[in-house]
Amino acid sequence: MRPFARAAVITALALPALAPWPALAADEPVSSDIGRRRIEGLLRRAGDRAPLAGVALFAYPAPADARRGELRDPAPPTEEPPWVRRIETDESGAFVIDDLPPGLLALEAVVPGHVRTRWIIDTARIPLRGLRLYLRPEADSPYRTTVVEQRARPTIAEPAPVERQLSSEEIRTLPGSQGDPLRALQSLPGVARAPFGAGLLVLRGASPRQSLVYVGDHPVPLAFHLSGLASVLPAGAIDSMTFAPSNFAPAFGNASGGLVSLTPRAGRRDAYHGQASLDIGGVGGQAEGPLGKGSFLVAARRAHLDLPLRVVGALNPRSSIIYPSYYDYQAFYDRPLGRGRSLHVGFLGAGDRLGFMGVAQPVRGRVALFEPRISFHRVDLAYRAKVGRSAVLLTPALRFDTNRVTGENTELAPRRALVSTLRAQLDHALTDRLTLVVGGDAELGHQTGDALVDETTVLPGTLVVGGTGTTNTTTLNHAYLGLYGEAVLRHRGLMLAAGTRFSAFVTEGIEAFAVDPRVRVRQAIGERWTLSGGVGLYSQPWIGQVSGNGGSLTTSLVPSTYVLPDQILANYDPTTFHYELAMRVLRALQASAGATVHLDHGIEIEGNGFVRELRDPQRPALYGSAGERAWGGEVIVRKRLTRRVYGWVAYTLLWSRRELADIRGDHGYGVGLYDQRHNLVAVLSARLPRDWQLGGRFRLTSGLPYTPVIGAVGSGASFDPIRGALLSDRFPLFHQLDLRVDKRWIRRRTIVGAYLDVQNVLNHQNTEAYVYSVDLRQRVGSLSMPILPLLGVRVDI
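In this text the structure is predicted, and so the values were computed from the model without any measurement.

What about the sheet that holds strand 4 (residues 85-88)?
No. 1: Overall, antiparallel pairing links the five strands, which are arranged 3-7-6-2-4 in an open sheet. Strands at the two margins of the open sheet, each flanked by one partner only, are strand 3 (69-72) and strand 4. Direction aside, the axes of adjacent strands within the sheet are offset by 25 degrees on average.
No. 2: Inspection of the sheet shows strand 6 (residues 104-109) paired to strand 7 (residues 117-122) by six bridges, in the antiparallel sense.

What to know about the nonpolar core
No. 1: Leu-182, Leu-185, Leu-201, Val-260, Leu-262 and Trp-648 are the most contacted members of the largest nonpolar core, which totals 35 residues.
No. 2: Excluding residues within four positions of it along the chain, Leu-182 makes contact with Leu-201, Ala-223, Phe-224, Ser-231, Met-241, Val-260 and Leu-262.
No. 3: Among the nonpolar cores identified, the runner-up in size contains 20 residues, and Leu-57, Phe-95, Leu-100 and Trp-119 belong to it.

Some remarks on the sheet that holds strand 8 (residues 131-135)
No. 1: One open sheet accounts for three strands, arranged 5-1-8; its pairing is mixed. Edge positions in the open sheet fall to strand 5 (94-97) and strand 8, since each of these has one partner strand only. The mean inter-strand angle of the sheet, taken between neighbouring strand axes irrespective of direction, is 30 degrees.
No. 2: Direction of pairing for strand 1 (residues 39-45) relative to strand 8: parallel, over a ladder of five bridges. Along strand 8, the bridge assignment pairs Leu-42 with Arg-132.

Brief notes about the pattern of salt bridges
No. 1: Taken as a whole and judged by the stated rule, the model has 39 salt bridges.
No. 2: Its salt-bridge partner being Glu-88, residue Arg-86 comes within 3.9 Å of it at the nearest N-O pair.
No. 3: A relative accessible area of 30% means that Arg-86 is categorised as partly exposed.
No. 4: According to the relative accessible area criterion, Glu-88 is partly exposed, its value standing at 47%.
No. 5: The salt bridge involving Arg-687 is made with Asp-691; its shortest N-O contact spans 3.7 Å. Taken as a pair, Arg-687 and Asp-691 share a single burial class, namely buried.

Overview of the confidence of the model for the protein chain
No. 1: Taken over all residues, the pLDDT of the protein chain has a mean of 79, while the share at 70 or more is 77%.
No. 2: Ranking the helices and strands of the protein chain by mean pLDDT puts strand 37 (residues 692-701) first, with 95, and strand 24 (residues 462-464) last, with 36.
No. 3: In this model, residues 140-162 is a region of pLDDT below 50 whose contacts with residues beyond four sequence positions or in other chains number 110 contacts.
No. 4: Residue range residues 358-368 is modelled with pLDDT below 50. Its contacts to residues more than four positions away, or to other chains, number 41 contacts.

Here we look at the side chain of Thr-395
No. 1: With respect to the element layout, Thr-395 can be found in strand 21 (residues 390-407).
No. 2: Here the side chain of Thr-395 touches Leu-381 through a polar contact of 2.5 Å, landing on its backbone oxygen.
No. 3: Non-local contacts of Thr-395, meaning those with residues more than four positions away in its chain, are made with Asp-217, His-218, Leu-381, Ala-382, Thr-421, Leu-422 and Arg-423.

Scoring rules and cut-offs
- Residues numbered from 1 in each chain as written.
- Predicted model: local features only at pLDDT ≥ 70, side-chain atom pairs only at ≥ 80, totals over all residues.
- Heavy atoms only, no water.
- Pairing = 2+ DSSP bridges.
- Helix = DSSP H or I, 4+ residues; strand = E, 2+ residues; numbered from the N terminus.
- Axes fitted to C-alpha atoms, helices over the stretch in contact; angles between N-to-C directions.
- Core = buried A, V, L, I, M, F, W, Y, C linked by side-chain atoms within 4.5 Å.
- Buried < 20%, exposed > 50% of the residue type's maximum accessible area, 1.4 Å probe, protein only.
- Contact = heavy atoms within 4.5 Å.
- Salt bridge = Lys/Arg side-chain N within 4 Å of Asp/Glu carboxyl O.
- pLDDT = per-residue confidence, 0-100.
- Polar contact = N/O pair within 3.5 Å; in protein donor to acceptor, adjacent residues only side chain to side chain.

Have a look at this one:
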C-alpha cells in the first residue's frame, strides 16, 4: 500500500465518529505471501436489523494481543497497519472480503448517526460465510413515523410546500402524548387543547366534525377512540401524517375546517420483524415482513383499562365509574408491479365502548346513565402508476359502521351504515414548470337504525335520543360527488397553485351544489425567508346535530347536577344522539398568510395569520347558530440545540364567534363553542448518557366557554336547572406540567424500551367541570384531571 494511502487511513481512524472518510485509492492487492481466505457477511443496524447499504468498511491486521469481539468508540490505531482494504456494502448490507490471511483481522466502520465500532475477528476460526455485524445507532432509526404539517396534502406531482416535521424520536418521547402521533399533533400551534385531554382535533377554531381525517386516500369516521387515550392507528403503522389546518387543495372536499391525512406504512422487506407493547391502558402487537413479491404489515391493540375499573365499581356500588374499552386492527399488503406501478391492499377497523356504572340522579325524560358503542371496519385498494410525465391513482374503498347507545331509560337498535368511496386522479407535467392535476371522488352511503321522535322539538323532522315520543326505524341514503382540477406553477422559488372543486350532494331527494375556487402560493426569498398564503371556499354536507348549538347534548345525557364542557358530548357521533333528516350545506371562506425565517444557529421562526367565515344558509339563526367566525394568529420558535436535544415554543391566539338572532330577527355574534383565546405550549427533551431521555411539556390555555346554571325549579329531590345565556361563562385558566422519562436497551436483534409519562406532575387542580347540589342552588365541587402516571414497555425485534 502506498505511504500516502496508509497515512490517510490512520487519519480517518482518528477522526470523530461523524467525520467523513477521506477519499482512498481503489482496493489494492495485499502482498503475495497472504493466504487466500474469503469472508462473506451482512452489516445491519442493531435493534431493528435494518440493512446498512453503501457503508465503507476498513479491514486491516489487528495487533497480536488484541481481544476478539466488538469494541465501541475505539481509540485509533497507534501504529500504521501494513495494509488496509476498503469494502463497501451493497443494497442489502452484504459485503465480501477476499484474499485475507489467517489470524486476527480488524474491521471498522464509521457511519453518521451510529456508534463507531471496531470488530476483531479471527479469520482462522470464524465461519467464512454468514458473518453478521451490528452497528448500534446513536439516535432513533429514521424508518419510524414522521409527522408533517403543511398547508396542503401534496398530490403525486406537487412539491412539498412549507412544512413542519416531528421526527420519530420526538413522537416517541414527547411528554403527554404516550407515543401517539395525533396526540403529538395537539402540541403544535393551531390545535386547541380539548377538555380532560379528550381526543378532539379542533383546528383553528373549527368543530372536530367540520374537519376530516383520512387514512390513506379515504376518510374514517373517527380519529381518536372515545376515551381519547389513543388514535385509531398506532404510530408503528403510519408512514407519515399531513396536517393542513386550513386552505387544503381542491383534491379534498366535504370539510369546512381542516384536514389530517395519515399515510399507512408499507411493511419492511429486508426481514421479518415484530413489536409488542404493554402499558397501563392496553396491549398491542405488530408484525411485518416480505410476502411473495411484496410485503405485509399487521397490527392490533386492545385496551384493558376497563377491567380494573369494573372491579373497583363492583367493590364500591355507591361510586360512579367511567370505564373505556377499545380495540383497533390494521392489515396492509403492498406490492410493486414494475414499470412504476404499485398495488396497496388495506384492512383496518376500530371499536369503542364507553361505559358508565354507578349511582346517578334520575332525570325525567333524559338518559342519566348511557353507554355508547361505536365501530367501523374498512377495506380499500390503491393502484398507482407512473407513465412518462403522468401519474395515475385509482382507489376504491368499502366501510361498515355501527353505532349503538343504551341507557337507563332507553335502548335503541344499532345504527348501521354501509359507505363506499372512490377516488381517481391524474397528475400530468405539461412542462418542467407547470403541472396539471385533475380527478374526482365519490361517496355513497346507506344507513338504518332506530330513533325516538321528540314530540316537543321546535325543529320538524328532528330525531333525538331520550325525551318523549315514539320509536321509528329510519333510513338515510346519501351520495356525494366531487370533480376537481388544479394547475401548479413552479418558477424561481415560486409555487402557485390555483384550482376549483365542483361538488354535488344528494340526500333523500334533497339536492345541493357547490363551486369552490382555491388558490395557494409560496415564495422563497433568498436563503432565509419563505412567504406563503392561501384563500378559498370550502363546502360540507351537514346531517345531524345543529351547528353550534352547544349544550343540547350535555343537558340530555348527564345528570342535571353536573355542568360538563359542552365540547365533549357535542362531538360523539351525532347521528346517534341528535339526528336531522334534512341535509344542509355549510359554506366556509378560509384565508391564511404566513412567513418563515431561518436564522443563524439553527433557529427557525414561523408565523401565520388566519380567518374563517362559516355560513349555514339553510338554517335560520333563530334555531341555533347560522354562522361562525374565527380569526387569529400562530407563531412557533424552534431550534435543535444539539443532536441530543429538541424543543419548541408555540403560541396560538384565537377568537371564535357564533351568529345569534332573537325572536325579532336582530342578528349579532356571541362567544363560539371553541373560543380558546390563548394557547401556549413549551416542549423540551434531552437525550442523556446510557440511552436515557428526559423531557417536559408545559401548557397554558384559556378556559373554554360553558353555559352556567343560574337557578332551578322543582321540589323535594327533583329539580330541573334554569340555565343562563348560552356559553356566557368560562372555566378557569388551565396550566399543566408533564414530565417523561425514557430508557432503551439496544441489543443486536432487539430493542427494549420503557417509559414513565407523568401528566400533571404538580397535581394542579384545573377545573374542567362543576358539580352542583341536588337543588342546584350552589356548587359543591369540581372535576379535574389529577396527576396521572403512565408506565409502558415496548419490545422491537
